[in-house]
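So you can see what is in the structure, the chains are spelled out below.
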Amino acid sequence: MSESLIHLQKEGKLAILEINRPSALNALNEELLNELTSEINNLEKDPSIRVVIITGQGKAFVAGADISKMKELNADGAEKFAALGQSTFDRIQKSRLVSIAAVNGFALGGGLELALACDIRIGSEKAKLGLPEVSLGLIPGFGGTQRLARLVGYGRAAELIFTGDMIGAEEAYRIGILNKLVKDGEDLISTAKATAESILKKGPIAVSAAKSVILNGLDMQLSKGQELEKKEFSNLFSGKESKEGMGAFLEKRTPNF
C-alpha cells in the first residue's frame, strides 16, 4: 500500500488533517482528493469531532493541482477531474464540521480553492495565495471563480483571476481572504487551535445551525434567508442546549454544552 497522503491527528473534539505530499508541494491529484473526501466522511461519522483544521506539510499548504497529470487530460477527463475537485470541496463546505484552513505556505490554484471551501482561513505571514490558472490557458475549476467572488466581491476576484497574480498574506488579509494573519515567530497551528477552542466552547447545535443558515442563505434572496434564519432561531428554543446556555448566562456560570 502507498503511504497515506493525509496525516490525521485527533485532540478531543478537534481533528487536524495535514496534507502530506511535500515532494510535490502537496499538489492535488485524484488520489489525494479521494483520500481527503474519505477523511472528511470518516470524521463526520465520529460524533466527538466538531472542528477540523486542514494544513499542509512543508513549505506549501497546497501549491495547486498536479499539472503533470492535468496535461494528459482531454476535455472529458478534465470535466471529471473538475467534478471530483468540486465535490471534494463541496463536501468540506457542507459538512457539519467547522473547517479551518491553516495556510502555512503556498496556496495556489486548487490550494486556494481548498482554503476557500473552508469556513475560516488563518494564514502565516509567509503564505502566498493566488489563482494562476490563466497563465496555463485555463480557469479555476474547483469552485474558485464562484467562492472567491462571493467572499471578496466581483472586482477583486476578477483582478486576481484575470491576472493570475500571486499575493502575499498581508494583502490576502486586507481584502478578506484570510480571517487572521499570524506574524513571523507566532505558531500558526496554535492560533488555529485557539480559534477552534473558542468555537468548541459554544453550543454545538447552535454552531451547526448557524453554519447551515449562512451557507444556504447565500443562494437566497434576503427575505428568504431571513425566513430561514427565523425558523432555525425558533427551532433552537425547543432543545436543551438553548435552555442551558441562557440559564448559565443568567446564573453567571459557564454553560455545560
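Residues numbered from 1 in each chain as written. Predicted model: local features only at pLDDT ≥ 70, side-chain atom pairs only at ≥ 80, totals over all residues. Heavy atoms only, no water.

- Identification of the protein as 3-hydroxybutyryl-CoA dehydratase from Leptospira johnsonii is taken from an unreviewed UniProt entry.
- Looking at the Sequence similarities (unreviewed entry) heading of the UniProt record, one finds this comment for the protein: "Belongs to the enoyl-CoA hydratase/isomerase family." (UniProt positions renumbered as here; feature names shortened; annotations may be inferred.)

**Overview of the domain arrangement of the protein**
Next, step 1: By the assigned domains, the protein splits into domain 1 (6–200) and domain 2 (202–251).
Next, step 2: The interface of domain 1 with domain 2 comprises eleven residues on the first partner and seven residues on the second.
Next, step 3: Interface area for domain 1 against domain 2, summed over the two sides, is near 710 Å², with a carbon-plus-sulfur share of 47%.
Next, step 4: The largest per-residue losses of area from domain 1 upon contact with domain 2 belong to Arg50, Gln93 and Arg150, which jointly make up 43% of the total buried on that side.
Next, step 5: Taken together, domain 1 and domain 2 are joined by two salt bridges. (Domains from an automatic or database assignment. Contact = heavy atoms within 4.5 Å. Buried area = accessible area lost by both parts, 1.4 Å probe. Salt bridge = Lys/Arg side-chain N within 4 Å of Asp/Glu carboxyl O.)

**Looking at the sheet that holds strand β7 (residues 120–124)**
Next, step 1: Pairing in this open sheet of six strands is mixed, and the strands run β1-β2-β3-β5-β7-β10 from one edge to the other. Edge strands, defined here as strands with exactly one partner in the open sheet, are β1 (6–11) and β10 (180–182). The average undirected angle you get between the axes of adjacent strands in this sheet is 20°.
Next, step 2: Strand direction decides the pairing type here: strand β5 (residues 98–103) and β7, joined by four bridges, are parallel. Residue pairing across strands places Ile100 opposite Ile120, the latter belonging to β7. (Pairing = 2+ DSSP bridges. Helix = DSSP H or I, 4+ residues; strand = E, 2+ residues; numbered from the N terminus. Axes fitted to C-alpha atoms, helices over the stretch in contact; angles between N-to-C directions.)

**A few points about the side chain of Thr55**
Next, step 1: Relative to the elements of secondary structure, Thr55 occurs in strand β3 (residues 51–56).
Next, step 2: Looking at Thr55, the relative accessible area reads 5%, which means it is buried.
Next, step 3: Setting aside anything within four residues of it in sequence, one finds Thr55 in contact with Leu17, Glu18, Ile19, Phe61, Ala102, Asn104 and Ile189. (Buried < 20%, exposed > 50% of the residue type's maximum accessible area, 1.4 Å probe, protein only.)

**So, helix α3 (residues 75–94)**
Next, step 1: The first and last C-alpha atoms of α3 sit 28 Å apart over 20 residues, in line with the 28 Å expected at 1.5 Å per residue.
Next, step 2: Every buried residue belonging to α3 is among Gly77, Phe81, Ala82, Leu84, Gly85, Thr88, Phe89, Ile92 and Gln93, and all of these are buried. For α3, the arc enclosing every buried residue in end-on projection is 165°, short of the 170-degree limit, so these residues lie on one face. Of the exposed residues in α3, those oriented more than 90 degrees away from the buried face are Ala75, Asp76, Glu79, Lys80 and Lys94. (Expected span 1.5 Å × (residues − 1). Arc of directions from axis to C-beta.)

**Remarks on the pairing of β3**
Next, step 1: Of all the six residues making up β3, six are buried; the element is thus mostly covered by neighbouring parts of the structure.
Next, step 2: Side chains Val51, Ile53 and Thr55 project from β3 onto one buried face, and the interleaved Val52, Ile54 and Gly56 project onto a second face that is buried too.
Next, step 3: Two elements, strand β2 (residues 14–19) and β3, share six bridges in a ladder whose sense is parallel. Across the sheet, the residue bridging to Leu14 is Val51, located in β3.
Next, step 4: Running through helix α1 (residues 30–44), the crossover from β2 to the neighbouring parallel element β3 is right-handed. (Right-handed = clockwise from strand over helix to strand, strands pointing away.)

**As for the sheet that holds strand β4 (residues 60–62)**
Next, step 1: Reading across the sheet, the four strands line up as β4-β6-β8-β9 and stay open at both edges, with mixed pairing between neighbours. Every other strand in the sheet has two partners, leaving β4 and β9 (166–168) as the edge strands with one partner each. Averaged over all pairs of adjacent strands, the angle between their axes in this sheet comes to 20°, without regard to strand direction.
Next, step 2: Of the strands in this sheet, β4, β6 (106–108) and β8 (128–130) touch helix α4 (residues 110–117), which is tilted by about 75° from β4.

**Digging into the packing of α3 against α4**
Between two packed helices, both the angle of their axes relative to each other and the distance between the axes serve to describe the pair.
Next, step 1: Contact geometry for α3 and α4: axes closest at 8 Å, N-to-C directions at 25°. On the basis of the axis angle, α3 is roughly parallel to α4. Contact residues: α3 offers Phe89, Ile92 and Gln93, while α4 offers Gly110, Glu113, Leu114 and Ala117.
Next, step 2: In terms of residue class, the contact of α3 with α4 is made up of four nonpolar, two polar and one charged. (Parallel < 35°, antiparallel > 145°, perpendicular 65-115°, else oblique. Nonpolar A, V, L, I, M, F, W, Y, C, P; charged D, E, K, R; others polar.)

**A look at the nonpolar core**
Next, step 1: Judged by nonpolar contacts, the single largest core of 47 residues is most densely connected at Ile54, Phe61, Phe89, Leu114, Leu129, Leu148 and Ile177.
Next, step 2: Those residues in contact with Ile177 that lie beyond four places of it in its chain are Leu112, Leu116, Arg121, Leu129, Leu148, Leu151, Val152, Leu160, Ile167 and Ala172.
Next, step 3: Leu14, Ile53, Ala102 and Leu200 belong to the second largest nonpolar core, which has 15 residues in total. (Core = buried A, V, L, I, M, F, W, Y, C linked by side-chain atoms within 4.5 Å.)

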